[in-house]
Amino acid sequence: MRIVLERVSAGYGKDLALREVDLEIGEGELLAVIGPNGAGKTTLLRVISGALQPSAGTVYLDGRPLSELGPREVARRIGAVAQIPEASFDFTVAELVELGRLPRLRFPDRLTERDRAAVKRALELVGLTGLAERRLSTLSGGERRKAFIAVALAREPTGLLLDEPMAHLDLKAQLELLFLFREWAGEGVTVVATCHDLNLAATFPRLALLGGGRLLACGPPTEVLTREGVREAFGVEVEVSRDPLTGAVQLRYFRLPSGTFRTGP
Ligand code: ATP
């Protein structure tokens, strides 16, 4: 899916949380959205998924204005996972993931073999097959997040919008998820994920840095995660280096400008 935002502003009541954002995300692209708390990252995902109407500007999905696509059409194309995903009932994991297929069902009360296969694959991809019959209320934080990611995957979308998908996941699960994103992007799925861990974000090919609702920078990690860029956006002094094995940008956070916080030598 190709996603284009043209001078998009959006907010809540009179307060703007996104200001004149221009952004193009190509088919099969993997984009991490970074920025401090309240920068507008969730709001950006919400305008792309159609959950929030822009107050100005236009969002295009595959060349068509989002406002012209019905909610069902958008739901077929986009799998979105909220930062704190909620379910309306204490479903089992399998029931929840089946609900993810809803926009694709011809008859809302009937799953075909094709639908069941998509649900099975989604559960396998997040490693929850063994917990399919467990109720949501009995899951750990990370298992719960994986269940909601499976909901999005089961839809077989062409765009995935994930708000802090790595939160609550253990190290292995984070790396597996990153690997999964790359695989899906390789199949043409566009993946947009917000991420607070800048070292994880640095493994994405392109980053969009938001601050105060504005797009402050957009480009490869080497261009966005500079000492000056991080200082300006986050107010934190960092040391920037490269991972000797992968070449990925690595940040070491060593102090706030006041110098009161030290994790390094
Ligand atoms: P975080 O990293 O804390 O999740 P974020 O970058 O995702 O932050 P947003 O959730 O997009 O930020 O919020 C942007 C701004 O909009 C913030 O100032 C926030 O307080 C405000 N905001 C978000 N949701 C609402 C809402 N439903 N009603 C009013 N203001 C809101």
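Not measured: the values here are computed from a predicted model.

Parameters at a glance
Residues numbered from 1 in each chain as written. Predicted model: local features only at pLDDT ≥ 70, side-chain atom pairs only at ≥ 80, totals over all residues. Heavy atoms only, no water. Helix = DSSP H or I, 4+ residues; strand = E, 2+ residues; numbered from the N terminus. Expected span 1.5 Å × (residues − 1). Buried < 20%, exposed > 50% of the residue type's maximum accessible area, 1.4 Å probe, protein only. Contact = heavy atoms within 4.5 Å. Near = heavy atom within 4 Å. Areas by Shrake-Rupley, 256 points an atom, 1.4 Å probe, with all protein chains shown as cover. Nonpolar A, V, L, I, M, F, W, Y, C, P; charged D, E, K, R; others polar. Pairing = 2+ DSSP bridges. Axes fitted to C-alpha atoms, helices over the stretch in contact; angles between N-to-C directions. 1 Å grid on protein atoms, 1.4 Å probe; cavity = no way out; pocket = protein on both sides within 12 Å on 5 of 7 lines; lining within 4 Å. Points joined across faces, edges and corners; volume = space filled by probe spheres on them.

Peer 1: In this structure, what is going on with helix α5 (residues 141-154)? I would like to understand it.
Peer 2: Along an α-helix, residues three or four apart share an orientation, since each turn contains 3.6 residues. When the terminal C-alpha atoms of α5 are compared, their 20 Å separation across 14 residues agrees well with the 20 Å that a helix rising 1.5 Å per residue should span. For α5, the tally of buried residues reaches 10 of 14 residues, placing the bulk of the element in the interior. Inspection of α5 places G142, R145, A147, F148, I149, A150, V151, A152, L153 and A154 among the buried residues, and these make up the whole buried set. Its buried side turned inward, α5 meets β6 (78-81), α3 (93-99), α4 (113-125), β7 (159-162) and α6 (171-186). With its phi angle positive at about 50°, E156 sits one or two positions after the end of α5.

Peer 1: What's the story with the site of the ligand in this structure? I'm lost.
Peer 2: Every residue close to the ligand is listed here: Y12, A17, P36, N37, G38, A39, G40, K41, T42, T43, Q83 and H196. Surface burial for the ligand is 56%, taken as the share of its 640 Å² of free accessible area covered by protein chains. Counting residues per element, the shell around the ligand draws most heavily on helix α1 (residues 41-49), at three residues. Of the residues that constitute the shell around the ligand, the class distribution is four nonpolar, seven polar and one charged.

Peer 1: Quick question: what am I supposed to make of the sheet that holds strand β5 (residues 64-65) here?
Peer 2: Sheet strands pair by backbone hydrogen bonding; their relative direction is either parallel or antiparallel. What the four strands build is an open sheet, ordered β2-β1-β4-β5; its pairing is antiparallel. This sheet does not close on itself; its edge strands, each paired only once, are β2 (15-25) and β5. Inspection of the sheet shows strand β1 (residues 3-12) paired to β2 by seven bridges, in the antiparallel sense. Residue pairing for β2: L5 is matched across the bridge by L23. Along the sheet face, α1 touches β1, β2 and β4 (56-61) and points at about 115° away from the line of β1.

Peer 1: Is there a simple way to think about the sheet that holds β6 in this case?
Peer 2: The six strands lie next to each other as β6-β7-β8-β3-β9-β10, forming an open sheet whose pairing is mixed. Each having just a single partner strand, β6 and β10 (214-219) make up the two edges of the open sheet. Direction aside, neighbouring strands of the sheet carry axes that sit 15° apart on average. In this sheet, β10 lies alongside strand β9 (residues 206-211) in antiparallel orientation, the contact comprising five bridges. In the sheet register, A208 faces β10, and the bridge partner there is C218. The strands touched by α6 are β3 (30-34), β7 and β8 (190-194); relative to β3, the strand with the most contacts, the crossing angle is about 130°.

Peer 1: Help me out: how do you make sense of the layout of surface pockets in this one?
Peer 2: Gaps left between atoms show up when a probe the size of a water molecule is rolled over them. As a volume, the largest pocket reaches approximately 350 Å³. As for the largest pocket, its lining consists of 18 residues, and the residues nearest its centre are A80, E86, F148, V151 and R155. Broken down by secondary-structure element, the contributors of at least two residues to the lining of the largest pocket are β6, α3 and α5. By residue class, the composition of the lining of the largest pocket is 13 nonpolar, three polar and two charged.

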